[in-house]
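Spelled out, the chains give:
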Amino acid sequence: MSFSPYPPGAVGCSSIQEQRERWERKRSRTARELVQTEQRYCQQLQLVTTFFVEILKAKGTLRQDIRESIFSSIKSIHSANQSLLVHLENGYFGKGLDQFCSHLHHYNTYVDNIYNASKVLGIQLKKNKAFQRFKKIQEARPEFNNHKLEDLLQLPIQRIDQYKHFLDDLAANTSSDNPEFEQLSRAVAAVCEVSQRIQDNTRCHENHLQLCRVQKLLKGRKTKVLAAGRWYIREGWLKTVPPKGAEAKPKMFFLFSDMLLQAKRCSPLHPANGDKFAGQHAFPLQDCTLEMVFGHTRSQGGLLSLTFPKAKLLLMSSNQEDLNDWYQSLSSTIRKLQSKQTVVHHRDELCRRPLRSAADDQNTPSGGLSRKRNTVSAETGEHDRKPPVEQECSAPKRMKQSDAPAQSPDVSTSSCVIL
């Protein structure tokens, strides 16, 4: 019979105490690192606001609208972070971060403007010689430590990801009965929202670059790729099988969230369009039916059948892996597009106005006018369903299916468009 020198439960109490001590060590280490990096971050924001924003305003080197386009809300961000730093240095992490989250709308403004800021800055550096010289002089100051303005303007975006890391660690190593736990939890949720906003804006910007790239690849302006809500999915060569048994010809296909664009390469001897493509057909995917004809076998390659209301397309590839990839991309795109259309249809049905009674009609002073307005509204509804105008909002040479959002625009008609 053995006896323990500790009273019952002492071992368990010791292990709990050790766990709490480990949490406290991790929390202290994270808190110390957060304070140190916040001090450095505020110093760098101070460089931008003092040596660029304020001096540019005093000198008048840049117009006010151009200054605001480049620096956006960075002064407000600096002010909010100075207040946060005071709380952190005094050990009030929960209170400081909770109050700081009420100023995160300044970060949202900055995040939404960051790509436009880079564009405007690039234009000014090319056209404005006075600003170019001013920027060089300021960046040569020892305080900048060889940092460029372009790098410093990216700091608020990078800092959000750092906050996410620090706050996760602080919340994970704070006991739930600690008064700061709820404050840290709210701060984690608020910072995650801004982080998600950054990711969404990045995908939208990359998509826009992809749409612009494809638009430049196409000869002339007849084929419009830039459209509101359109997302680039992928591109590649496939052979089109003609209906009468003629030779299959290779064509370039561009897959978007709402259509499949078929194009052929221009003559390499053309002086201006030798490296471009000519758009041939734009196949809308909203009413498309996709089938794998014999691509599921182990033989080399296969055949895809795409059926549209007024057209049919047979695509062939000798590469089985590439064909399977196309099948997955097409089926996923069609499924998302048709799923969105079903939701929109049901929503329209629910929003339909109820029929008026005969008494209501009698109370209406002008029944003919009402019918005329209803007719105009119906015509307007038809017009609203037409493809949207070209818009520059838009992502990479090959975009993963998970990167393209489920919402796809209704930007195409029910039959293919011959370009």
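Calculation rules
Residues numbered from 1 in each chain as written. Predicted model: local features only at pLDDT ≥ 70, side-chain atom pairs only at ≥ 80, totals over all residues. Heavy atoms only, no water. Helix = DSSP H or I, 4+ residues; strand = E, 2+ residues; numbered from the N terminus. Areas by Shrake-Rupley, 256 points an atom, 1.4 Å probe, with all protein chains shown as cover. Core = buried A, V, L, I, M, F, W, Y, C linked by side-chain atoms within 4.5 Å. Buried < 20%, exposed > 50% of the residue type's maximum accessible area, 1.4 Å probe, protein only. Contact = heavy atoms within 4.5 Å. Polar contact = N/O pair within 3.5 Å; in protein donor to acceptor, adjacent residues only side chain to side chain. Pairing = 2+ DSSP bridges. Salt bridge = Lys/Arg side-chain N within 4 Å of Asp/Glu carboxyl O. Phe/Tyr/Trp six-rings, centres within 6.5 Å; stacked < 30°, edge-to-face > 60°. Lys NZ or Arg CZ within 6 Å of the ring centre and 35° of its normal. Patch = residues over 30% accessible without salt bridge, like charges linked within 9 Å, V, L, I, M, F, W, Y side chains within 5 Å. Lys, Arg positive; Asp, Glu negative; His and termini not counted. Charge placed at Lys NZ, Arg CZ, Asp CG, Glu CD. Expected span 1.5 Å × (residues − 1). Bend = angle between axes of the 7 residues up to and from the residue.

Student: Account for the overall build of the protein, with residues named and values stated.
Tutor: Broken down by element type, the protein carries 12 helices and eight strands. Entry remark: accessible area of the protein is about 24800 Å², with carbon and sulfur atoms responsible for 52%.

Student: Tell me about the nonpolar core, and name the residues and values.
Tutor: Taken as a class, soluble globular proteins show a tendency for nonpolar side chains to be buried jointly. Judged by nonpolar contacts, the single largest core of 53 residues is most densely connected at Phe71, Leu104, Tyr107, Leu153 and Tyr163. The dominant element in this core, judged by the number of residues it contributes, is helix H1 (residues 10-59), at 11 residues. If near-sequence neighbours (up to four positions away) are discounted, Leu104 is found in contact with Ile160, Ala190, Val191 and Val194.

Student: Pulling in residues and values, what's your account of the side chain of Gln210?
Tutor: Here Gln210 shows up in helix H9 (residues 180-217). For Gln210, a relative accessible area of 5% puts it in the buried group. Among the polar contacts made by the side chain of Gln210, one reaches the side chain of Arg213 at a distance of 2.9 Å.

Student: Give a detailed account of unusual backbone geometry, specifying residues and quantitative values.
Tutor: Backbone geometry at Ser72 places phi at a positive 50 degrees, although glycine is not the residue there. Even without being glycine, Asn146 reaches a positive phi, approximately 70 degrees. Inspection of the secondary structure assignment puts Asn146 in the loop between helix H6 (129-139) and helix H7 (149-153). You can call Asn146 exposed: its relative accessible area is 72%.

Student: Which residues make up the pairing of strand S6 (residues 302-308), and what values go with them?
Tutor: The side chains of a regular strand alternate between the sheet's two faces. The buried fraction of S6 amounts to six of the seven residues, a majority that puts the element mostly inside the structure. With four bridges connecting them, strand S5 (residues 289-292) and S6 associate as antiparallel partners. From the neighbouring strand, Glu291 faces S6, where its bridge partner is Ser305. In sequence, S6 turns back onto strand S7 (residues 311-317) through a hairpin of two residues.

Student: Provide a residue-level description of the environment of Ala227, including the pertinent values.
Tutor: For Ala227, the position within the fold is in the loop between H9 and strand S1 (232-240). Taking the C-alpha atoms as reference points, Ala227 and His208, 19 residues apart in sequence, are found 9.7 Å from one another.

Student: Hey, could you go over the pattern of salt bridges for me, with residue numbers and the actual values?
Tutor: For the structure on display, the rule yields 14 salt bridges. Here Lys75 makes a salt bridge to Glu54, at a shortest N to O gap of 2.6 Å. Note that Lys75 is positioned in helix H3 (residues 74-89) and Glu54 in helix H1, a separation of 21 residues in sequence. The class of Lys75 is partly exposed, set by a relative accessible area of 41%. Classification of Glu54 by relative accessible area gives partly exposed; the value is 34%. With a closest N to O distance of 3.3 Å, Lys135 and Glu150 form a salt bridge. You can see Lys135 sitting in helix H6 and its partner Glu150 sitting in helix H7, a full 15 residues away along the chain. The structure contains a network of salt bridges with shared partners spanning Lys135, Glu139, Lys148 and Glu150.

Student: So what about the packing of aromatic side chains? Which residues, and what values?
Tutor: Following the criterion strictly, the structure yields 10 aromatic pairs and no others. Between Phe52 and Phe134, the aromatic rings sit 5.8 Å apart at their centres with planes inclined by 90 degrees, giving edge-to-face as the arrangement. Here Phe52, found in helix H1, pairs with Phe134, found in helix H6; they are 82 residues apart in sequence, far enough to count as distant. Residue classification places Phe52 among the buried positions, given a relative accessible area of 0%. On the basis of an interplanar angle of 75 degrees and a centroid distance of 5.9 Å, the ring pair of Phe100 and Tyr107 is categorised as edge-to-face. On the basis of relative accessibility, which here comes to 1%, the residue Tyr107 falls in the buried class. Three or more aromatic residues joined by ring pairs make a cluster, and in this case those are Phe51, Phe52, Phe71, Phe134 and Phe144. Taking NZ or CZ as reference, Arg230 lies 5.9 Å from the ring centre of Phe256, over its face. The positively charged end of Arg234 is found above the aromatic ring belonging to Trp326, 4.2 Å away from the centroid.

Student: How would you explain a positive patch on the surface if you had to name every residue and give the values?
Tutor: A cluster of basic residues, Arg22, Arg25, Lys26, Arg29 and Arg32, forms a positive patch on the protein surface. By the element assignment, Arg29 lies in helix H1.

Student: Requested: an account of the environment of Glu193, with residues and values cited.
Tutor: Within the secondary structure, Glu193 is located in helix H9. Distance in space between the C-alpha atoms of Glu193 and Asn108 is 9.5 Å, their sequence separation being 85 residues.

Student: Mind laying out helix H5 (residues 104-127), listing which residues take part and the relevant values?
Tutor: Across its 24 residues, H5 extends 34 Å between first and last C-alpha, which sits within 8% of the 34 Å expected from 1.5 Å per residue. By the largest-angle criterion, Ile114 marks the main kink of H5, which is about 50 degrees. Taken residue by residue, H5 has Leu104, His106, Tyr107, Tyr110, Val111, Asn113, Ile114, Ala117, Val120, Leu121, Gln124 and Leu125 as its buried positions.

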